[in-house]
Amino acid sequence: MFTIESLEFLQKELESVEKWEKDQKDLWFWEKLGRIPFKLLDKITPKFLQDKALQILDEIGSYVQTGGKYLVSGKSILKKFKETGILLEEFAPSDIANLPLGAMDQTASYFKSSRTKMAAVQGATTGVGGLFTLGIDIPIILGLSLKTLQEIAISYGYNPNSKEERIFIIKCLQFASSDYVGKRAILEELSMTDGERNRQAISQLQGWREVIAAYRDNFGWKKLFQMVPVAGIVFGAFINKSTIDEVAETGMMLYRKRRILERIQQIQQGPADE
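Some points on the environment of Ile 60
Inference 1: Tracing the backbone through its elements, the reader meets Ile 60 in helix α3 (residues 47-66).
Inference 2: In this structure the C-alpha to C-alpha distance between Ile 60 and Leu 146, which are 86 residues apart in sequence, comes to 9.3 Å.

Structure, rendered in structure tokens:
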């Protein structure tokens, strides 16, 4: 059993996460602009691309229900913890949950950096093909987002093999692509008990649709500039990189908050009876 951080330390770390949450509630001016091109180009967007967006909605629903092809292995997470000096013989989220917060942060940060770089390369590659390669690009970036969030979840000792955890992951994805009102609503929802949150989330198919709509909006500038050969490569790399970076940061902060709150509760309740 690893030493749990002090209450004072955890409360300070919680304050830093809550400050981040307040900062995230503002929709930046460039984000608003980023939605304009999509609205202007929507009428001329090929039907196959719009069909692809609808297909992704089904993919998200399938992921929530079973995990499907998007589930990740815990072996890579164990290797990264080993590099921090912590040896875990087998993948067990319950064991990871007792690790020092610093080791969790270091492991999650690795996956954030690694997946962000991967997204940049992938975005530049599909950017070569212009508008029509977005039919490939969008599902790839969604899959990478889900993979990254699962790796971060495991890094903080949560198991994405459970349906409840997959719902939380979708909420992280939704938070990363929401505006001020959406972010505030999601934070309020995440403050509910696990049972209340899961019952509400399962019934919110509209929420999944909002995720896809936000993804389409975020690719607005990319669609516009991919019509210019060289610019498509540059903007493809930039937008995919920034998308995964924001998704990963959201996952780290929200999962970090959960772990901190659980540890604060453990300390306040005192040691369990033997």
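Once the structure has been displayed, the description carries forward.
Some points on the pattern of salt bridges
Inference 1: One pass over the full model with this rule turns up 10 salt bridges.
Inference 2: In this structure, Arg 115 and Glu 151 form a salt bridge, with 2.7 Å as the shortest nitrogen-oxygen distance. With Arg 115 in helix α6 (residues 101-127) and Glu 151 in helix α7 (residues 134-155), this residue pair connects regions lying 36 residues apart in the sequence.
Inference 3: Arg 115 sits in the buried class, given a relative accessible area of 11%.
Inference 4: Put simply, Glu 165 and Arg 258 hold a salt bridge, and the shortest N to O gap is 2.5 Å. Of this pair, Glu 165 sits in helix α8 (residues 163-176) while Arg 258 sits in helix α13 (residues 229-269), and the two are 93 residues apart along the sequence.

Overview of the packing of aromatic side chains
Inference 1: Inspection of the entire model under this criterion finds 4 aromatic pairs.
Inference 2: Considering the side-chain rings of Tyr 158 and Tyr 255, the 5.3 Å spacing of their centres and the 40 degrees angle between planes classify their relative orientation as tilted. Here Tyr 158, found in the loop between α7 and α8, pairs with Tyr 255, found in helix α13; they are 97 residues apart in sequence, far enough to count as distant.
Inference 3: The buried category is assigned to Tyr 158, whose relative accessible area is 6%.

Some points on the nonpolar core
Grouped burial of nonpolar side chains is what soluble globular proteins tend to show.
Inference 1: Judged by nonpolar contacts, the single largest core of 45 residues is most densely connected at Tyr 156, Leu 254 and Tyr 255.
Inference 2: Contributing elements (two or more residues each) for this core: α1 (7-24), α3, α4 (75-83), α6, α7, α8, α9 (180-190) and α13.
Inference 3: Considering each element in turn, this core owes the most residues, 8 residues, to α8.
Inference 4: Dropping the residues within four chain positions of it, Tyr 255 is found in contact with Leu 149, Ile 152, Ala 153, Tyr 156, Tyr 158, Glu 165, Phe 168, Ile 169 and Cys 172.

A closer look at α1
Inference 1: Here α1 contains 18 residues, and its C-alpha end-to-end distance of 26 Å stays within 8% of the 26 Å for a straight helix at 1.5 Å per residue.
Inference 2: Residues Leu 10, Glu 13, Leu 14, Val 17, Trp 20, Glu 21 and Gln 24 constitute the buried set of α1. Buried residues of α1, seen end-on, are gathered within an arc of 115 degrees and therefore sit on one face of the element. Facing away from the buried side of α1, by more than 90 degrees, are the exposed residues Glu 8, Lys 12, Glu 15, Lys 19 and Lys 22.

As for the environment of Phe 111
Inference 1: With respect to the helices and strands, the residue Phe 111 is situated in helix α6.
Inference 2: The buried category is assigned to Phe 111, whose relative accessible area is 1%.
Inference 3: Note: C-alpha distance between Phe 111 and Ile 77 (34 residues apart in sequence) is 8.9 Å.
Inference 4: Beyond its immediate chain neighbours, meaning those up to four positions away, Phe 111 contacts Ser 76, Ile 77, Lys 80, Thr 148, Glu 151 and Ser 155.

About the cut-offs
- Residues numbered from 1 in each chain as written.
- Predicted model: local features only at pLDDT ≥ 70, side-chain atom pairs only at ≥ 80, totals over all residues.
- Heavy atoms only, no water.
- Helix = DSSP H or I, 4+ residues; strand = E, 2+ residues; numbered from the N terminus.
- Salt bridge = Lys/Arg side-chain N within 4 Å of Asp/Glu carboxyl O.
- Buried < 20%, exposed > 50% of the residue type's maximum accessible area, 1.4 Å probe, protein only.
- Phe/Tyr/Trp six-rings, centres within 6.5 Å; stacked < 30°, edge-to-face > 60°.
- Core = buried A, V, L, I, M, F, W, Y, C linked by side-chain atoms within 4.5 Å.
- Contact = heavy atoms within 4.5 Å.
- Expected span 1.5 Å × (residues − 1).
- Arc of directions from axis to C-beta.

On their own, these measurements won't tell you what the molecule is for.
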